[in-house]
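# Overview (structure and organization)
Listed below are the residues making up each chain.
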Amino acid sequence: MTSLTVSGRVAEVLSSYVSDVFGVMGNGNVYFLDAAEKLGLRFSPVRHEGAAIAAADAYYRASGRLAAGTTTYGPGYTNALTALAEAVQAQIPVVLVTGDAPSSGARPQDVDQAAIAAGLGAVTFTVTRDAAGAVTRQAVEYALTQRTAVVLAIPYDLAALEAADQELPAPHAPKVRDDVDGGLGQAARLLAGAKRPLILAGRGAHLAGAGPELRELADRLGALTAGTALALNLLNGEGYVGVAGGFGTDTAAGLMGEADVVLVAGASLSPFTLRFGHLLGPDSTVIQIDTALQRTNPRVDLFVSADAKSAAGRLLGMLDGKAAADAWRAEATRRLVEGPAHHPGSEQTPDGRLDPRALATALDAVLPERRTVVQDGGHFIGWAPMYWNIPRPQDLVMVGTAFQSIGLGLASAVGAARAVEDGRTLVLASGDGGFLMGLSDLESLIGAAGSAIVVIYNDAAYGAEIHQYGSQGLTQKPMLIPEVDFSGIARALGAESAIIRSLDDLSALQDWIDAGAQGTFVADCRITSSVRAPWLSEWMNAKQATKAAVAG
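None of the values given here were measured: they were computed from a predicted structure. (Residues numbered from 1 in each chain as written. Predicted model: local features only at pLDDT ≥ 70, side-chain atom pairs only at ≥ 80, totals over all residues. Heavy atoms only, no water.)

Let us now look at the UniProt feature "domain: Thiamine pyrophosphate enzyme TPP-binding" (unreviewed entry) in the protein chain. Mapped onto the present numbering, the UniProt feature "domain: Thiamine pyrophosphate enzyme TPP-binding" (unreviewed entry) falls on residues 376-508. Helix makes up 33% of residues 376-508 and strand 17%, with an end-to-end C-alpha separation of 24 Å. (UniProt positions renumbered as here; feature names shortened; annotations may be inferred. Helix = DSSP H or I, 4+ residues; strand = E, 2+ residues; numbered from the N terminus.)

Next up, the structure:
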């Protein structure tokens, strides 16, 4: 290896894994960014350190490729903590390259960054002069194999010093845990005997590339198929009933509840997916295939620790001929056609503002078909997966759901915009509260995106709190936000924009799309806070039932 500084060695090893770095420059990472630039890594500047890790996180979700975020030490590092926690909770591999206290000892302004990271569940790898490359390699491979965020710390006094020469072995492919004999035979027998089988795929199945095998398995069985919100449309085709959980239709939920054998591939079965215990019937047999060490929900009857793709392939080999459940698919198709779809919304609301359901339906018809959707957290989060056509799982980037946060949407849109390389338009959906939290990175998105549309569900409030707590009689004053002219802000930063007060106002967005959809368009949509999302009603009812059970 050629002579490099410690920061240069870190950048050199990282360059064999990543092409993109997001961040804010400061004292602690300036030497790293200099080395990254010289190595040809693409640096996308963001305006808040939290955006550095959030953008790298979304880059992975949209592309499946690793990216790095970078901040300086101290306040730069602590500014990134919410996004770091989200990545850890969501099991997203990402590397945060940060400055750290000198190796000789902490200064008065330093904090124990490794301890802070540990509190969030993130492991810190601190480089040394003798092993800068090896430690970097170890950090990256840990992130990839454990599917988590890691911190790669460069002590400030070492950043510009010459690193020792190291001969590093070539990167090795991570081993996939695969329990061949751990119940697949029993799973095959249960599926072969099922009269109403269902295959439910999650993000793990998508990441494993298991879609083709699971669809073939479903066709062999005559099974219905569904996906979690993070595996939306992975199993789309004959027998597909849609998304499981609060974003799905009641008709689809009813069909899933009638399944006698449910194969869950790469899904953790969160309370939201299971509709808080009401999705699957009490007598259904649940088989879970996952790379976890043990079942992730007590509802699981048979757990198989395996890669979803290889396990589905082996199940196909174990099943002789075609099962006789085709009548189940035919009945499901009829009921889906005849049953009610999502509520279309109303033309008029009590306060005269837009009904978000009608707006979502109208937007679906206007937005470019080739779209990648990024969603911030908030009350509005269900409107896109419920009303918009989102072709592939990687075309829906839902941030904030793992850590229950808002405010990461704009930063995530920057990363997803860099990941989109096939002419797709990046569409960000955000509430006004979360948008204001990340407002500084609207400028970052405008600079990064070739084609981006920002949809702001602007109800002049923190909508989730209005429905959860305002409805209980708590004062709504802290829950309200003064009406913000996001359109004016967007134009000042160089974007096209319009205020959307009626569905007819979407003609401005349509004209921009017809003109080539180049740059960024911000649609400031003035919606009512009087419409409660069905997923939130479900959640509130579940909380109330739990509270009543405890009290009783």
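Next comes the rest of the account.
Time to look at the packing of aromatic side chains. Summed over all chains, the structure comprises ten aromatic pairs. When the centroid spacing of 5.6 Å and the interplanar angle of 45 degrees are considered together, the rings of Trp512 and Phe521 count as tilted. Residues Trp512 and Phe521 agree in their burial class; the two are buried. Through successive ring pairs, a cluster of aromatic residues spans Phe272, Phe276, Trp535 and Trp539. Lying across the ring of Tyr73, Arg107 places its NZ or CZ 4.5 Å from the centre. The side chain of Lys543 reaches across the aromatic face of Trp539, ending 5.2 Å from its centre. (Phe/Tyr/Trp six-rings, centres within 6.5 Å; stacked < 30°, edge-to-face > 60°. Buried < 20%, exposed > 50% of the residue type's maximum accessible area, 1.4 Å probe, protein only. Lys NZ or Arg CZ within 6 Å of the ring centre and 35° of its normal.)

Attention shifts here to the sheet that holds strand S16 (residues 451-458). Taken in spatial order, the six strands of this open sheet run S14-S13-S15-S16-S18-S17, and their pairing is parallel. Of all strands in the sheet, those bounded by a partner on one side alone are strand S14 (396-398) and strand S17 (496-500). The mean inter-strand angle of the sheet, taken between neighbouring strand axes irrespective of direction, is 15 degrees. Where S16 and strand S18 (residues 519-526) come together, eight bridges link them in parallel fashion. (Pairing = 2+ DSSP bridges. Axes fitted to C-alpha atoms, helices over the stretch in contact; angles between N-to-C directions.)

Below, the discussion takes up the environment of Leu161. When you line up the elements, Leu161 lands in the loop between strand S6 (149-155) and helix H8 (184-192). C-alpha of Leu161 to C-alpha of Trp388: the two residues are 227 residues apart in sequence and 52 Å apart in space.

Here the focus is the pairing of strand S15 (residues 425-431). Along S15, seven of the seven residues are buried, which leaves the element largely enclosed by surrounding structure. Alternating positions in S15 separate into two faces, Thr425, Val427, Ala429 and Gly431 on one and Leu426, Leu428 and Ser430 on the other, with burial throughout. In terms of strand pairing, strand S13 (residues 371-375) meets S15 through five bridges, oriented parallel. The residue of S15 that forms the bridge with Val374 is Leu428. In this sheet, S16 lies alongside S15 in parallel orientation, the contact comprising six bridges.

We now examine the sheet that holds strand S4 (residues 94-100). Within the open sheet, the six strands sit side by side as S2-S1-S3-S4-S6-S5. Their pairing is parallel. The outermost strands of the open sheet, each flanked by one partner alone, are strand S2 (42-45) and strand S5 (123-126). Each strand axis lies, on average, 25 degrees off the axis of its neighbour in the sheet, ignoring direction. For strand S1 (residues 20-23) and S2, the ladder comprises four bridges, and the chain directions are parallel. The residue bridging Asp20 from the neighbouring strand is Arg42, located in S2.

The method is simple in principle: a probe with the dimensions of a water molecule rolls over the atoms, and the space it marks as empty is what remains. Taken as a whole, the second largest pocket spans an internal volume of roughly 450 Å³. For the lining of the second largest pocket, the elements supplying multiple residues, two or more each, are strand S9 (240-243), helix H11 (250-257) and helix H15 (383-387). The biggest single contributor to the lining of the second largest pocket is S9, with four residues. Residues of the lining of the second largest pocket, tallied by class, amount to 14 nonpolar, eight polar and no charged. Summarising the domain contributions, the lining of the second largest pocket has at least three residues from each of domain 2 (183-338) and domain 3 (348-537). (1 Å grid on protein atoms, 1.4 Å probe; cavity = no way out; pocket = protein on both sides within 12 Å on 5 of 7 lines; lining within 4 Å. Points joined across faces, edges and corners; volume = space filled by probe spheres on them. Nonpolar A, V, L, I, M, F, W, Y, C, P; charged D, E, K, R; others polar. Domains from an automatic or database assignment.)

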